[in-house]
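What the coordinates show
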Amino acid sequence: MNDGAVGVLTAGGDCPGLNAAIRAVVTRLAAESRTVVGIRAGWAGLMNDDVTAIGRDDVRGILWKGGTILGTSRLDPYVHGDGVISVRETMDRHGIGSLIVIGGDGSLRTASKLASEGIPVVGVPKTIDNDIAGTDVSIGFTTAVQIVVDAIDRLTTTAEAHNRVMVVEVMGRTTGWIAAHAAIAGGAEAVLVPEQPYDLPDLGLAITRRHERFANYSVIVVAEGIDTPVGTTVRKGRDMYGFERLGGVGNFVASAIENLTGFETRVTTLGYLQRGGTPTAFDRVLATRLGVRAAEMAIDGVTRKMVALKGRKIVGTDLKAACANPRSVDPSLLRDVSWFLPLADIES
Ligand code: F6P
């Protein structure tokens with residue numbers, strides 16, 4: 001049992017469903033008459049004492065809204081601050097006995113470090129990238145996939161009208177979850193993901209054969225994090241927190257395809273569209289269930305756990321293990337996609 005106030009924060013890149021999770025946490029805690037403290041701008045709020053009491057009335061009407069009413073940042077107390085010290089000071093000053101951290105793998109690793117230094121923490125997994133190992137799905141993923149699929153549907157009709165190859169660049173820093181799911185659901189002709197080596201001449205040949213035999217257009221989905229050959233750097237340097245900025249790899253793939261095939265090729269980089277706007281019904285349900293369970297764990301004084309979806313159940317899983325390494329796309333998913341690629345069609 002933990003009697004202090006419960007602090008809640010959102011850290012790292014935003015995603016649809018964060019507000020649904022905040023609403024669930026606050027509502028469940030309010031039902032037990034527990035004080036909740038909203039921490040602004042992720043870890044920055046604890047490092048700089050930027051916190052405020054938050055109650056049931058503050059979270060009405062936010063279920064469907066994108067972004068996060070608490071704000072977020074990539075500031076990390078262990079990288080940009082004095083580690084546990086100012087975090088603990090802020091918590092003591094406001095009587096915060098435990099933290100609910102709604103974050104991606106980086107923020108959850110920070111949460112796990114703080115937990116090992118004695119701060120009671122429960123993690124809630126969110127990221128459109130879906131690469132947190134301890135859960136089947138993270139908040140934001142299904143919304144991002146739906147946004148990409150809607151875009152592919154639109155790009156397909158214009159590709160067909162103009163006899164073009166369309167390259168669609170999607171997010172996915174180290175994994176190709178969005179790319180693989182969107183390629184299946186959007187019926188794309190090929191998908192390039194960080195987990196799998198790719199061969200551009202083979203892809204060019206496959207596209208050429210497809211255009212000779214079946215169609216006059218192709219849609220190729222590319223995850224932003226794929227490797228590119230040495231000397232073809234498409235990276236954009238680092239952001240203010242030291243993270244590598246991705247984006248632009250689609251241009252590299254598109255110009256290679258155009259050179260190899262002679263087909264007019266265009267690129268669409270979906271970028272931050274994938275992170276904004278209203279969450280899908282699935283994300284609203286997931287965020288609500290994870291938020292409720294996280295609140296209950298905080299009430300029970302549980303720490304070093306992350307709430308997770310396993311099958312149909314919400315469970316508590318070991319926080320440190322859950323975010324130790326990114327979860328790669330399941331090879332069976334990539335095998336399922338491969339049956340619909342042009343090379344498979346041509347060889348069968
Ligand atoms: O971590 C999620 C993610 O959407 C990545 O796919 C992407 O590379 C990154 O965030 C970009 O975020 P920002 O530019 O906000 O740091």
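All figures in this text were calculated on a predicted structure; none of them were measured in a lab.

Details of the nonpolar core
Side chains that are nonpolar tend, in soluble globular proteins, to be buried together. The biggest cluster of nonpolar side chains holds 81 residues, and the ones touching the most others in it are I100, I220 and V253. It is helix α6 (residues 141-162) that provides the largest number of residues to this core, a total of nine residues. Ignoring sequence-local partners within four residues, the contact set of I100 consists of V6, G7, V8, L9, V25, L29, V122, V124, A294, A295 and A298. One finds I39, I132, M306 and C323 within the second-largest nonpolar core, a separate group that totals 27 residues.

Considering unusual backbone geometry
Excluding glycine, residues mostly carry a negative phi; peptide bonds, for their part, are mostly trans. A positive phi angle is found at S33, which is not glycine, with a value near 55 degrees. Looking at the element boundaries, S33 is found in the loop between α1 (18-31) and β2 (36-39). Given the relative accessible area of 68%, S33 is considered exposed. Phi is positive for N163, which is not a glycine, with a value near 55 degrees. Within the secondary structure, N163 is located in the loop between α6 and β6 (165-170). N163 sits in the partly exposed class, given a relative accessible area of 41%.

Considerations on the site of the ligand
Looking at the ligand, the residues that line it are R74, I128, D129, M171, G172, R173, E224, D239, Y272 and R275. Separating an oxygen atom of the ligand from a side-chain N or O atom of D129 is a distance of 2.8 Å. Separating an oxygen atom of the ligand from a side-chain N or O atom of E224 is a distance of 2.6 Å. When the ligand is considered free in solution it has 400 Å² of accessible area, and contact with the protein chains removes 81% of it. Among the residues making up the shell around the ligand, the classes are represented as three nonpolar, one polar and six charged.

Examining the pairing of β2
Side-chain alternation along β2 places V36 and G38 on one buried face and V37 and I39 on a second face that is also buried. Strand direction decides the pairing type here: strand β1 (residues 5-10) and β2, joined by three bridges, are parallel. Across the sheet, residue V8 finds its bridge partner in β2, namely G38. In this region the chain leaves β1, passes through α1 and returns to the parallel neighbour β2; the handedness of that crossover is right-handed.

The rules behind these values
- Residues numbered from 1 in each chain as written.
- Predicted model: local features only at pLDDT ≥ 70, side-chain atom pairs only at ≥ 80, totals over all residues.
- Heavy atoms only, no water.
- Core = buried A, V, L, I, M, F, W, Y, C linked by side-chain atoms within 4.5 Å.
- Buried < 20%, exposed > 50% of the residue type's maximum accessible area, 1.4 Å probe, protein only.
- Helix = DSSP H or I, 4+ residues; strand = E, 2+ residues; numbered from the N terminus.
- Contact = heavy atoms within 4.5 Å.
- Near = heavy atom within 4 Å.
- Polar contact = N/O pair within 3.5 Å; in protein donor to acceptor, adjacent residues only side chain to side chain.
- Areas by Shrake-Rupley, 256 points an atom, 1.4 Å probe, with all protein chains shown as cover.
- Nonpolar A, V, L, I, M, F, W, Y, C, P; charged D, E, K, R; others polar.
- Pairing = 2+ DSSP bridges.
- Right-handed = clockwise from strand over helix to strand, strands pointing away.

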